[in-house]
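# Fold and contact review
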Amino acid sequence: ETPQGGRNKGEIMSVLIVNVNQTTTNNTLTIHLDGIVPEDVIREMDQALDKLRSTVLSLNRSIPKLRYADGFWTLSCSVSAKYRTTMITEAIALPLIKLGYRIPKEPIIHVGHQAESLTSADEIAAVVRALSTKGTSVTLARDEILQAYRPATELEGGDGQVLNFNIERSIEAKPATHFELGARRSIVIGLGWDCLHNRIYESIYGSGSPPDIDVVVYCVNRWGEVLYRLSPKSRRVLPISQRSTAVLRGAKTQLYDSAIKISSDSTSGDKQDDDELVIINLDELDPSICAVLVTASLAGGARDLRYTQNLYGRIIDVATEASELELCRLRIDTEHAPPDSKTAVIYRFDRGGLGNSPDASKIDDWTLEAVGQFCELANPALPYVKPGDQLVGIRCGQLSIPLCKTDFSYSSFFEMGVYRANIDRIHDAAEHCGPVTLTFKSLTASSGDDEYEAGTYDLVFDDDPNNHIQFRPQRLQWSSLANLIGWTSRVGVPAVDYLKPKFSPHLTGDDLRPFLGMFGNSNKPDRVILTDFAAYIYAKDAGGTSDAYIRAWYKTLNVSAGKFVKEAFEHEICRSKVYKKTRCPALVQFEDFSLCVPIESLVSKISPLIITVRDKDWGIGAIVDDTILRHRIDLSDFRTGRSDEFLVQPDWVDEVNDVKSNAGFTKDMVILKYKATLLYPGEEAPTTTGVIDVKTFSSSSTTTLSSSSQPSSGNDTKSSAGGENKKSSWGFSSKKH
């Protein structure tokens, strides 16, 4: 209604506000329609846009349709400066004037903070001139009572319903809504939230640091095991795997610099648009990744998500159209979140062609589900490690390695204290037995806005945990003089000082299983058959040859009553025959060597199995064979199907001998090739020559192992040191050197 002091006081009009934002840096033109936007305005403007696409070839692919998103009709595109006047005239001014919109004679057109009255008889020129002014918001009026056009403003989907994206509008999705991605392969997820500041909140937590929410992405294999965890505070980029890069380059497909990338960290949630972003290039994900979970995790500043508001996650398409399009938006009701809920699972991407009815032709198809559920843990797949947490246990497989005693010990004083002894035990366990499990006790603490309960949790590391965690001795203040000078072990309990940049323990998926869909209850394999071993090696002998053979073995630890963990003798499982006088460099095939090994997880290395390729030394004085390479089997990159072939660089390679045939050969050129076949519970292992049927596979020296066949006839009957064949603790015949 016009003001009472106007020329036509009391006149009723339908007001349409057109906001035009132009940027010269990237030629972006954004048009915002507010107020009462009737359906005929959208229809006329879309027809004008279609006409521009057909008549101006340069605008054919750069102009999208008007879209309804978050309560507004918007048009965002990249248009060069010479076409902007044409766009404003043909797509905005002419359709609006045709429908009867006019500029009121009252001072209602706002340019910045000033108002001016346009009384020109040429309404089109006035509208074009007003809209072309940078930062202008133009108000138009129409002498009719109209209804605003709001298509599908209610929530859609839910209960597993499958929806298709609509280019013309954004979908307000309910939880448990599925979407077909179709040909979309580059997806951007925007995460946003606001701080909930009120009197109660500020009285408890103060008005200082606001709640900090991070977008955390979990990559999961088809057995529900977490392969990777990405967040703004730790690992922000998941690079393209070497195997995927080779396939993509061979197919001449567009390559991105990463498979997943997360934007910089936002700790306040005060941005006008999305606070954090993550882009997922589905084609660049390794085939071992079968599900991707996008979550919003509380990193600090509040007790749970109830102290935030307006939490949302939206799907943005940036590849199929000229500009970014919001496809759907999922709003999280944090007000009714369960107590102590620190994580909200927003979206989940599932790879197709898997499940109960595998279909290899759909392995590259992806589906999207808007999950919208809460998880009470801060980081579901990673314990909340904090400074001050105490180390209370070390374990390798089933072997428990006790920490140094807590009573008085003279040796602890002369050997740099109990703390140093415990750190050495961690190192020895990782050196001899592979993956090490550390048990920590989290102390009850209250520091600022962070509180957590006392309890224990485990962390598993493939290599030395000292490379991941910086420990410090926990000292007791004013307990006794002996503590101050290091004569008692009270100061020797290792505690967490800080996490190193390389911090990457094994991730568990147990807390994520309720949100993994069909991958949450997958039948996991319990054994793997390793066959088709081959190694590309260099010449070890002066004549340009190598007498190569491959062997599988393990080590056990003898925990003495004293300070250190003592290494036991090597226990050989089996070996291949010796391939004598093989001209090298060459790819040596070990056809008579295969293993059947039990596994607990496909994310970690198989412990304590070690594969080595050696050069057999002959004659008098040959005591120890030369080791060419040493490797621990890692199945983390296992792709879909029952079998997969691995081509890896070994964990350790000996120095290349300076002989003529090795000219130009480097350590990086040494490779190990093998094939892995999975066996599920109840399945029998095939009868393959040399397969070892491992009943119980652990680091304990009491573990038994039975062989389905005797060692190959190519093995020597006597050791070079004069040893005899002995029955090892694993229960099969082997030679001890």
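As a reminder, the structure under discussion sits directly above these lines.
Report on the accompanying structure. Numbering of residues starts from 1 in each chain and follows the order in which that chain's sequence is written. The model is predicted, so local features are restricted to residues of pLDDT at least 70 and side-chain atom pairs to those at 80 or more, both for listing and for counting; the totals for chains, interfaces and linings are taken over all residues. By convention in this description, side-chain values take in all heavy atoms of the structure and omit both hydrogens and water.

### Concerning the packing of helix α1 (residues 39–55) against helix α2 (residues 84–98)
What counts here: To get an axis, fit a line to the C-alpha atoms, keeping to the stretch in contact for a helix; angles then go from 0 to 180 degrees between the N-to-C directions. Numbering of helices and strands runs from the N terminus; a helix is a DSSP stretch of H or I covering at least four residues, while a strand is a stretch of E covering at least two. Less than a right angle of anticlockwise turn of the near helix away from the far helix marks a crossing as left-handed, whereas a clockwise turn marks it as right-handed. By definition, residues are in contact when any of their heavy atoms lie within 4.5 Å.
Closest axis-to-axis distance for the α1/α2 pair is 9 Å, and the angle between their directions is 145°. Considering the relative orientation of α1 and α2, their crossing is right-handed. Across the interface between the two elements, Val41, Glu44, Met45, Ala48, Leu49 and Leu52 of α1 pack against Thr86, Met87, Glu90, Ala91, Ile92, Pro95, Leu96 and Lys98 of α2.

### A look at the sheet that holds strand β21 (residues 366–375)
Convention followed: Pairing between two strands is assigned when DSSP locates at least 2 bridges connecting them.
As summarised here, the arrangement of the 7 strands in space is β8-β10-β21-β20-β17-β12-β13, forming an open sheet in which the pairing is mixed. Two strands lie at the open edges of the sheet, namely β8 (162–164) and β13 (226–230), each paired on one side alone. Ignoring strand direction, the axes of neighbouring strands in this sheet form an average angle of 25°. When β8 meets strand β10 (residues 177–180), the two strands line up parallel, connected through 3 bridges. Opposite Leu163, over in β10, you have Phe179 as the bridge partner.

### Some details on the environment of Gly372
Looking at the element boundaries, Gly372 is found in strand β21. Residues Gly372 and Phe515 lie 143 residues apart in sequence; the distance between their C-alpha atoms is 9.6 Å. Setting aside residues no more than four positions away along its own chain, Gly372 makes contact with Pro175, Leu330, Ile332, Val345 and Ile346.

### Some remarks on the sheet that holds strand β19 (residues 325–332)
Pairing within the open sheet is mixed, and its 7 strands lie in the order β9-β19-β18-β11-β16-β15-β14. Two strands lie at the open edges of the sheet, namely β9 (171–172) and β14 (237–238), each paired on one side alone.

### Considerations on the pattern of salt bridges
To keep things clear, this is the line we draw: Think of a salt bridge as a Lys or Arg side-chain nitrogen and an Asp or Glu carboxyl oxygen that are within 4 Å of each other. Burial classification: accessible surface area is computed with a 1.4 Å probe over protein chains only, and a residue below 20% of its type maximum counts as buried, one above 50% as exposed, and the rest as partly exposed.
Under the criterion given, the structure shown has 24 salt bridges. Taking the shortest distance from any N to any O, the salt bridge between Arg306 and Asp304 comes out at 3.1 Å. Assessed through its relative accessible area of 0%, Asp304 is described here as buried. Between Arg420 and Asp424 there is a salt bridge, with its nearest N and O atoms 3.5 Å apart. Here the residue Arg420 and the residue Asp424 both occupy positions in helix α7 (residues 417–433), the gap between them amounting to 4 residues, near one helical turn.

### Comments concerning the pairing of strand β20 (residues 343–351)
Within β20, 9 of the 9 residues are buried, leaving the element largely enclosed by the surrounding structure. In this structure, strand β17 (residues 291–300) lies alongside β20, joined through 7 bridges in antiparallel fashion. Its bridge partner lying in β20, Ala291 is registered against Asp350. One ladder, built from 8 bridges, connects β20 with β21; its direction is antiparallel. What sits directly across from Arg351, in β21, is Trp366.

### What to know about α2
Test applied: A helix is expected to span 1.5 Å for every residue after the first.
Counted at 1.5 Å a residue, the expected span for α2 with its 15 residues is 21 Å, and the 20 Å between its end C-alpha atoms agrees. Within the span of α2, buried status applies to Arg84, Met87, Ile88, Thr89, Ala91, Ile92, Ala93, Pro95 and Leu96. Phi turns positive, to about 100°, at Gly100, one or two residues after α2.

### Things to note about the nonpolar core
Nonpolar side chains tend to gather and get buried jointly when the protein is soluble and globular. The condition is simple: Nonpolar cores are built from buried Ala, Val, Leu, Ile, Met, Phe, Trp, Tyr and Cys residues. Side-chain atoms within 4.5 Å join them into one set.
Of all hydrophobic cores here, the largest spans 46 residues; its most connected members are Ile260, Ile280, Leu285, Tyr347 and Phe349. Core analysis: the next-biggest nonpolar cluster, separate from the first, contains 42 residues, Leu530, Ile537, Leu629 and Tyr680 among them.

### Some points on α1
Between its first and last C-alpha, α1 extends 25 Å over 17 residues, near the 24 Å set by a 1.5 Å rise per residue. Along α1, the positions that sit buried rather than exposed are Asp40, Val41, Ile42, Glu44, Met45, Asp46, Ala48, Leu49, Leu52 and Arg53.

### Description of unusual backbone geometry
Cis geometry is found at the peptide bond from Cys584 to Pro585, where omega equals 5°. Relative to the assigned elements, Pro585 resides in the loop between β35 (579–583) and β36 (586–590). The residue Asp159 is not glycine, and still its phi comes out positive at about 60°. In this structure, Asp159 sits in the loop between β7 (136–142) and β8. With phi around 55°, Asp532 is a residue other than glycine that occupies positive phi space. For Asp532, the position within the fold is in strand β30 (residues 527–537).

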